[in-house]
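In case you want the letters, here they are:
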Amino acid sequence: MTDKLSAPIAKKIPHSMTHHGHTRIDNYYWMRDDERQAEQVIAHLEKENHYVEHNMAPHKALQNALFEEMKGRIVKDDSSVPVKDGNYWYVSDVQGDDEYASHYRASDEQLSDKTLLLNINELAQDYEYYDVGEITISPNENLLAYSEDIDGRRIYTFRFKDLSNNTYLDDVLENTEGQLVWANDNKTVFYVKKDAQTLLGYQVYRHVLGTPQSDDILVYEEQDRQFFMELGKSRDESEIYIHLAATETSDVLALDANTPMGEFKRLLPRLEGHEFGIDKLAGEYFILSNHQAKNFRLLKACELTIGDMSQWQELIAHREHILIEGMELFDSHFVITERELGQIRFVVHNYQGESYHLSFDDACFYAGIGYNPEAGSSTVRIHYSSLTTPSSVYDCDLTTGRKILRKQQQVLGDFDAGNYASERLFVTARDGVQVPVSLVYRKDSFSKDGTNPLLQYGYGSYGITIDPSFSSTTLSLLDRGFVYAIAHIRGSEMLGRNWYEQGKKANKQNTFSDFIDVTRALIEQGYGHKNKIFASGGSAGGLLMGAIVNQAPELYLGVGVHVPFLDVLTTMLDESIPLTTNEYDEWGNPNEEAAYQTILQYSPYDNISAQAYPNILVTTGLHDSQVQYWEPMKWVAKLRELKTDDNLLLFKTDMEAGHGGASGRFKSLQDKALEMAFFIALLSDYVVVK
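Before going into details, it helps to say that this report is about the structure given with it. Keep in mind that what you see is a predicted model, and the values were worked out from it rather than measured.

### Overview of the nonpolar core
Nonpolar side chains in soluble globular proteins tend to be buried together.
No. 1: One finds Leu-439, Phe-515, Ile-548, Tyr-556, Ile-616 and Trp-635 to be the most contacted residues of the largest nonpolar core, which totals 75 residues.
No. 2: With seven residues, the top contributor of residues to this core is helix α7 (residues 540–551).
No. 3: If we ignore the near neighbours within four places in the chain, the residues touching Tyr-556 are Phe-515, Ile-516, Thr-519, Ile-533, Phe-534, Ala-535, Ile-548 and Pro-614.

Written as structure tokens, this is what we have:
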């Protein structure tokens, strides 16, 4: 047992904030440092990190064992399934202990003349953190552009490579979103530039290769900071798109890809509340639209009618209980991704009005359309996974529906899918709503008698659905008797668009109530021991964790809180913080009193009280650009001030990483091993140093 070390106690400097006649005092506001260089802030974070190391020292062997277990399941030498794009087949692979992939192309599927394009390990070797955002090839296939982020803040720099002689061009594009689109002249590119303060991409620039970035031309600037911006190209490569998306409104501008010096023009009027996705093939536009269709419908237009919704032709009507999530266009067919009762399915349509379903057998699973760059392909690539089925790649014949398994993730060690079972069930929430739950366990260590430890995961925001997919890392918990459950709470789109709307803005409390009600139901139904319940969530899921430990702390033995959004009210009142203005349609704008009062009722930081809390592990990245490091830092300080228990409260900051955590396929496992060791140790007979 290590000697006792006192928890870091932060100084208190009262900071008063008054809105709508209501005053809040924030004693830890001083922890915000936009430059991330203040000595007192760095010193306090380092004390917190030392406190984590000290308290986890008795469990270091366990943490190392978990890391080696997880690493040991990963195939060291692995490669992707080749994909054809233009005249080449593209593939990536990893070798040995490499953290990153290398990217290649060849002139045939057998890769007989495989040529190296990029070795990410070489690019990353001088950096603690390294991420490649995008790799894109010019239309004539002679040039390559890639974007790199070296500090985790998702600010990317583009570099260019001439593939004919394997040399780099002088062109460098800095401060970008990490995405680039080629015009069809092979020398003009478009990219999104970021606001240095808010880190919001709001300007589109045109760059001509061979000229300095300082000469680049601003071709579009979005004035409404509620919109995210990204670039795209139509399926037939005839148009370049500027896609704009606020939480509840879409917009798109188009430019002829053959005339890059032209002007981007809006395809259809911006209409508040109109969300849509659009693509173009063979002179026709296909539009997924929520206009008069909450769960979306599919329509078609031509160049003459695209600007007038009244002239659009309906291909698939709106259905109350079926959500349309996406489409993929091919010359012979189009594939629609739908969700009914929470489950994904694919419907393949030909252009003569005939269709069929692609089906899968697992009780609960994830499936998604893969990378299909060739519109003329006779197959569609699909990625599939379930809680017991490792990630699989299928090529499905568009005419017959016949599925060919191209690859399934190999899991090293003694993994046998037959040792595990998954279930899908519905829990009745306090207001009578049925909440879907996916769970998995090891058959020979599970008894539905309330004896197993249980880890429950949730997210529940932005309409993002966490589908049940395979995780080789989770096996380390399942093999130790854990049940792993995903609560598909309101705020996602698991049960359609209405499911999302019931978990946002004024209805946000439903998200937290659902999660808590699922926990209680799983205990009552014997899936987990009432004293061995754990919860975990990150980002907006970290907000969820902050809310549930305020509202039902007695339910959980331990909670993992990762890159968490915790100080909702203060952040949403500060437009200088990255992403704030984009979030008004999700949380509400607290400059309006009704929204202020709603957020005030659940904001985790504002609702910490003098009560007993579970054991809590908090992790963040100093350079996180989405949820700033000071949110968990302040939350931990205030918790330490007010909580009445002696349970562990650990706070680890990765001083190099951002929102996505550590980079690399092995390094990121350290964070998973830390959380697992934290949970498992709480179940053990170890003496935990408080």
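### Considering the environment of Tyr-130
No. 1: Examined against the element boundaries, Tyr-130 turns out to sit in the loop between α3 (120–124) and β8 (131–137).
No. 2: What makes Tyr-130 buried here is its relative accessible area of 1%.
No. 3: C-alpha separation for the pair Tyr-130 and Ile-382, spaced 252 residues apart in sequence, amounts to 28 Å.
No. 4: Of note is the side chain of Tyr-130, whose polar atom sits 2.4 Å from the side chain of Glu-148.

### Observations regarding the packing of helix α6 (residues 509–524) against α7
No. 1: The N-to-C vectors of α6 and α7 enclose an angle of 65°; their axes lie 10 Å apart at closest approach. Considered as vectors, α6 and α7 are oriented roughly perpendicular to each other. Crossing of α6 over α7 shows right-handed handedness. Counted together, Gln-509, Thr-511, Phe-512, Phe-515 and Ile-516 of α6 and Leu-543, Leu-544, Met-545, Ala-547, Ile-548 and Gln-551 of α7 form the full contact between these two elements.
No. 2: Along the lines of polarity and charge, the residues of the contact of α6 with α7 split into eight nonpolar, three polar and no charged.

### Considerations on the packing of aromatic side chains
No. 1: Across all of its chains, the model carries 27 aromatic pairs by this definition.
No. 2: Consider the rings of Phe-365 and Tyr-384, whose centres lie 5.2 Å apart with planes at 40°: the pair is tilted. In this pair, Phe-365 is assigned in strand β27 (residues 365–369) and Tyr-384 in strand β28 (residues 379–386), connecting sequence segments 19 residues apart. Of the two residues, Phe-365 and Tyr-384, both sit in the buried class.
No. 3: Aromatic pair Tyr-441 and Phe-446: ring centres 3.9 Å apart, planes at 25°, arrangement stacked. For the pair formed by Tyr-441 and Phe-446, the shared burial category is buried.

### Let's talk about the side chain of Thr-249
No. 1: For Thr-249, the location among the structural elements is in the loop between β16 (239–245) and β17 (250–256).
No. 2: We classify Thr-249 as buried; its relative accessible area is 7%.
No. 3: Polar side-chain contacts of Thr-249 include one of 2.9 Å to the backbone nitrogen of Gly-273.
No. 4: Leave out the neighbours within four places in its chain, and Thr-249 touches Phe-227, Leu-244, Arg-270, Leu-271, Glu-272, Gly-273, His-274 and Glu-275.

### Comments concerning the sheet that holds strand β26 (residues 355–358)
No. 1: Taken in spatial order, the four strands line up as β23-β24-β25-β26 in an open sheet, and their pairing is antiparallel. With partners counted over all chains shown, the strands left at the sheet margins are β23 (322–329) and β26, one partner each. Shown here is a sheet whose adjacent strand axes are inclined to one another by a mean of 25°, direction ignored.
No. 2: Looking at chain direction, strand β25 (residues 343–350) and β26 are connected through four bridges and run antiparallel. In the strand pairing of β26, His-349 is matched with Ser-355.

Rules and cut-offs
Residues numbered from 1 in each chain as written. Predicted model: local features only at pLDDT ≥ 70, side-chain atom pairs only at ≥ 80, totals over all residues. Heavy atoms only, no water. Core = buried A, V, L, I, M, F, W, Y, C linked by side-chain atoms within 4.5 Å. Buried < 20%, exposed > 50% of the residue type's maximum accessible area, 1.4 Å probe, protein only. Helix = DSSP H or I, 4+ residues; strand = E, 2+ residues; numbered from the N terminus. Contact = heavy atoms within 4.5 Å. Polar contact = N/O pair within 3.5 Å; in protein donor to acceptor, adjacent residues only side chain to side chain. Axes fitted to C-alpha atoms, helices over the stretch in contact; angles between N-to-C directions. Parallel < 35°, antiparallel > 145°, perpendicular 65-115°, else oblique. Left-handed = near helix turned anticlockwise from the far one by under 90°. Nonpolar A, V, L, I, M, F, W, Y, C, P; charged D, E, K, R; others polar. Phe/Tyr/Trp six-rings, centres within 6.5 Å; stacked < 30°, edge-to-face > 60°. Pairing = 2+ DSSP bridges.

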